[in-house]
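This is what each chain is made of:
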Amino acid sequence: MTGNGKKKSRPRWRADRRLAKSFALAARLHAGQVRKGTDIPYISHLMAVSSMVTQYGGSDVQAAAGLLHDSIEDTKQTHRTLSRIVGKRVADIVRDCSDDDGTGTSNDKARLWTERKEAYLEKLKHKSPSDPSLLVSLCDKIHNCESSADDLAAALRNGGSAAGFWSKFNAGDACQQWYYEGLYSAFAGKLLGAEAQPAVIRFRTAIDRLFGDRTIEPCSKDHGHAPTQPRGGAR
């Protein structure tokens, strides 16, 4: 009981060795990496995603996966290795959040950006609403989108352009908008629970901040789309 007689709340779950192992592994795997175009340590993104997963009702397994969600895609870790270190349930979520298949034999990074993103959107479309990777993936996209919105706003205030801002990424303005709108449609149709809905709304707000109130510039990157946008057009 608290001092005013009310029953003290208990945490939904308690951090355990798996979460500690996941953090230690993420810190080691991403040591020396920074957020694109900044000197911010990359681990900050992984911590933010894990924290957001917890905030929006995620389990300890999902929180651990949030810390490692880029480990298959951006380091040499495989699904098998992750399973051995932090358990199969965490490894399964990490694999399902990735463009890469997690076997260590695919060449997904060499595929055209549009191809990879279309394949990921298609994968999301077929996921069950109960799939634990959905919340982790959504929180990853929220943090990326919010960070990009902040950085783009700063660039525009300093006389830069959207085209210049996106030049350090693999796709330009119109293509990024197409992808984020596709992601939002997928998540909004799947994550309908009371705890996850605020996250979906937060994602919508971040997308509107990133692309709203300005002219969307064509994408001139060479990644398999028409001169201005990916196949199928902006959504």
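Residues numbered from 1 in each chain as written. Predicted model: local features only at pLDDT ≥ 70, side-chain atom pairs only at ≥ 80, totals over all residues. Heavy atoms only, no water.

### Re the nonpolar core
Logical step 1: Core analysis: the biggest nonpolar cluster contains 61 residues, and L68, L183 and F203 have the highest contact counts within it.
Logical step 2: Take this core: its biggest share by element is nine residues, from helix α8 (residues 133-157).
Logical step 3: Discounting residues that sit within four places of it in the chain, L183 has contacts with Y120, L121, L124, K141 and F203. (Core = buried A, V, L, I, M, F, W, Y, C linked by side-chain atoms within 4.5 Å. Buried < 20%, exposed > 50% of the residue type's maximum accessible area, 1.4 Å probe, protein only. Helix = DSSP H or I, 4+ residues; strand = E, 2+ residues; numbered from the N terminus. Contact = heavy atoms within 4.5 Å.)

### Section: the state of the cysteines
Logical step 1: Evaluation of the coordinates by the stated rule reveals zero disulfides.
Logical step 2: C175 carries a free sulfur, and the closest cysteine sulfur to it, the one in C219, is 3.5 Å from it.
Logical step 3: Judged by relative accessible area, which is 0%, C175 ranks as buried. (Disulfide = S-S within 2.5 Å.)

### Here's the deal with the packing of aromatic side chains
Logical step 1: Inspection of the entire model under this criterion finds twelve aromatic pairs.
Logical step 2: An angle of 35 degrees between the planes, with centres 6.3 Å apart, marks the rings of W178 and Y179 as tilted. No difference in accessibility class separates W178 from Y179, as the two residues are buried.
Logical step 3: Through a chain of ring-to-ring contacts, three or more aromatic side chains come together here, namely W113, F165, W166, F169, W178, Y179, Y180, Y184, F187, F203 and F211.
Logical step 4: The ring of Y184 carries R204 above its face, with NZ or CZ at 4.7 Å from the centroid. (Phe/Tyr/Trp six-rings, centres within 6.5 Å; stacked < 30°, edge-to-face > 60°. Lys NZ or Arg CZ within 6 Å of the ring centre and 35° of its normal.)

### Observations concerning helix α7 (residues 113-125)
An α-helical turn contains 3.6 residues, so any two residues separated by three or four positions project in the same direction.
Logical step 1: Between its first and last C-alpha atoms α7 spans 18 Å; for 13 residues at 1.5 Å apiece the expected length is 18 Å, and the two agree.
Logical step 2: Restricting attention to buried positions, one finds in α7 the residues W113, T114, R116, K117, Y120, L121 and L124. Angularly, the buried residues of α7 cover 165 degrees about the axis, an arc narrow enough to put them on a single face.
Logical step 3: Where α7 is buried, its residues touch α6 (88-96), α8 and α10 (173-188). (Expected span 1.5 Å × (residues − 1). Arc of directions from axis to C-beta.)

### Thoughts on unusual backbone geometry
Logical step 1: At D213, a residue that is not glycine, the phi angle is positive and equals roughly 60 degrees.
Logical step 2: Tracing the backbone shows D213 in the segment after α11 (197-211).

### As for the packing of α7 against α10
Logical step 1: One can describe the packing of α7 onto α10 by two numbers: an axis separation of 9 Å at closest approach and a directional angle of 10 degrees. Looking at the two axes, α7 sits roughly parallel to α10. The residues of α10 that touch α7, namely those facing W113, T114, K117, E118, Y120, L121 and L124, are C175, Q176, W178, Y179, G182, L183, A186 and F187.
Logical step 2: A breakdown of the residues in the contact of α7 with α10 according to their chemical character gives ten nonpolar, three polar and two charged. (Axes fitted to C-alpha atoms, helices over the stretch in contact; angles between N-to-C directions. Parallel < 35°, antiparallel > 145°, perpendicular 65-115°, else oblique. Nonpolar A, V, L, I, M, F, W, Y, C, P; charged D, E, K, R; others polar.)

### Comments concerning the side chain of D99
Logical step 1: Within the element layout of this structure, D99 appears in the loop between α6 and α7.
Logical step 2: For D99, the side chain forms a polar contact with the side chain of K117, separated by 3.3 Å. (Polar contact = N/O pair within 3.5 Å; in protein donor to acceptor, adjacent residues only side chain to side chain.)

### Focus on the pattern of salt bridges
Opposite charge on two side chains permits pairing when their charged atoms draw close.
Logical step 1: A complete count under the given rule lists 16 salt bridges for this structure.
Logical step 2: Note that K125 is salt-bridged to E122, the shortest N-O span being 3.2 Å. Remark: E122 and K125 occur in helix α7; sequence separation between them is three residues, near one turn of the helix.
Logical step 3: Given a relative accessible area of 51%, K125 falls into the exposed group.
Logical step 4: A salt bridge links R204 to E181; its shortest N-O distance comes to 2.9 Å. Here R204, found in helix α11, pairs with E181, found in helix α10; they are 23 residues apart in sequence, far enough to count as distant.
Logical step 5: Overlapping salt bridges, with partners in common, bring together K88, D92, R95 and D96 in one network. (Salt bridge = Lys/Arg side-chain N within 4 Å of Asp/Glu carboxyl O.)

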